[in-house]
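An overview of the molecular structure
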Amino acid sequence: MKAIDFACRLLKALNNEPHSDIAQRVLLAVAAGLECSADIAQFMGLTPSGCTLALRRLANEGLLACICGEYSYYRLTPQGKQVVAGIFSFLPRPR
C-alpha cells in the first residue's frame, strides 16, 4: 500500500467515525503513545483546554482511562483499542 492510499483510506475511515475531529486526533495521539494533555495538545496543534475537554469526554465514554496522580496520564481502554482498531480496519491482516 502506497502512502497516498493509506492516507486516503485513513481519512475515509475517520470520516465514518462518530467522534469530533478533535476527539479523533486525541484518541489517535494516545494510541500512538502520547499520554498527557500538554504533550497531546502541543503535538496535535490543539489548545490545552480543548485537548483536556476531549480527553475527559473520551474517558467518560470509556475509551480512555485516566491514571490520576500529580499529573494525569491517559491510556486506551479495551473499548478504546477496539475503536482504534476499527479505524485501521482497512489495513491488510498479517498472515
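It should be noted that the structure appears before, not after, this text.
Since the model is a prediction, treat every value here as computed from it, not as a measurement. (Residues numbered from 1 in each chain as written. Predicted model: local features only at pLDDT ≥ 70, side-chain atom pairs only at ≥ 80, totals over all residues. Heavy atoms only, no water.)

**Structural notes on helix α4 (residues 48-60)**
Quick note on the threshold: The way it works is that DSSP assigns letters per residue, a run of H or I at least four long becomes a helix, a run of E at least two long becomes a strand, and they are numbered from the N terminus. The span one expects for a helix is its residue count, reduced by one, times 1.5 Å.
An ideal rise of 1.5 Å per residue puts 18 Å on 13 residues; α4 measures up with 18 Å between its terminal C-alpha atoms. Downstream of α4 by a residue or two, G62 has a phi angle that is positive, lying close to 85°.

**What to know about the packing of aromatic side chains**
Rules: Ring pairs shown here join Phe, Tyr and Trp side chains whose ring centres sit within 6.5 Å, with only the six-membered ring taken for Trp; geometry is labelled stacked below 30 degrees between planes, edge-to-face above 60, and tilted in between.
This model, assessed by the stated rule, comprises 3 aromatic pairs. In this structure an aromatic cluster arises from ring pairing among F6, F88 and F90.

**Notes on the side chain of T77**
Convention followed: Pairing of N or O atoms within 3.5 Å defines a polar contact, subject to two protein rules: one partner must be a possible hydrogen donor and the other a possible acceptor, and residues neighboring in sequence count only if both atoms are side-chain atoms. Should any heavy atoms of two residues lie within 4.5 Å, those residues are considered in contact.
Considering the arrangement of structural elements, one finds T77 in the loop between β2 (73-76) and α5 (78-87). Of note is the side chain of T77, whose polar atom sits 2.5 Å from the backbone oxygen of G62. In this structure T77 touches G62, L63, L64 and A65, once residues within four positions along its chain are discounted.

**Section: the pairing of strand β1 (residues 64-67)**
Here is the rule: Whether two strands pair comes down to DSSP finding at least two bridges between them.
Across 4 bridges, β1 lies against β2 in antiparallel orientation. Paired with C66 across the two strands is Y74, which belongs to β2. A loop of 5 residues connects β1 with β2, the two strands running antiparallel in sequence.

**Remarks on the state of the cysteines**
Here, disulfide denotes a covalent bond that connects the sulfur atoms of two cysteines. Here is the rule we go by: Two cysteine sulfur atoms form a disulfide, by the criterion used here, when they sit within 2.5 Å. Relative accessible area decides the class of each residue, using a 1.4 Å probe on protein chains only: under 20% of the type maximum gives buried, over 50% gives exposed, and in between gives partly exposed.
For the structure on display, the rule yields 0 disulfides. C51 carries a free sulfur, and the closest cysteine sulfur to it, the one in C36, is 8.7 Å from it. Judged by relative accessible area, C51 falls into the buried class, the value being 0%.

**Some points on the packing of helix α2 (residues 21-31) against α5**
As a reminder, the rule being used: Every axis in this analysis is a line fitted to C-alpha atoms, fitted for helices over the stretch in contact. Angles between the N-to-C directions lie between 0 and 180 degrees. Geometric relationships in this document are graded by angle, where less than 35 degrees denotes roughly parallel, more than 145 denotes roughly antiparallel, 65 to 115 denotes roughly perpendicular, and other angles denote oblique. Note on residue classes: Ala, Val, Leu, Ile, Met, Phe, Trp, Tyr, Cys and Pro are nonpolar, Asp, Glu, Lys and Arg are charged, and everything else, Gly too, is polar.
Running from N to C, α2 and α5 point in directions that differ by 105°, and their axes come no closer than 11 Å. Comparing their axes, α5 and α2 come out roughly perpendicular. Counting all contacts with α2, which are made through L27, L28 and A31, the residues of α5 involved are V83, V84 and I87. Residues that form the contact of α2 with α5 fall into these classes: 6 nonpolar, no polar and no charged.

Functional significance is not addressed by these values, which are geometric in nature.
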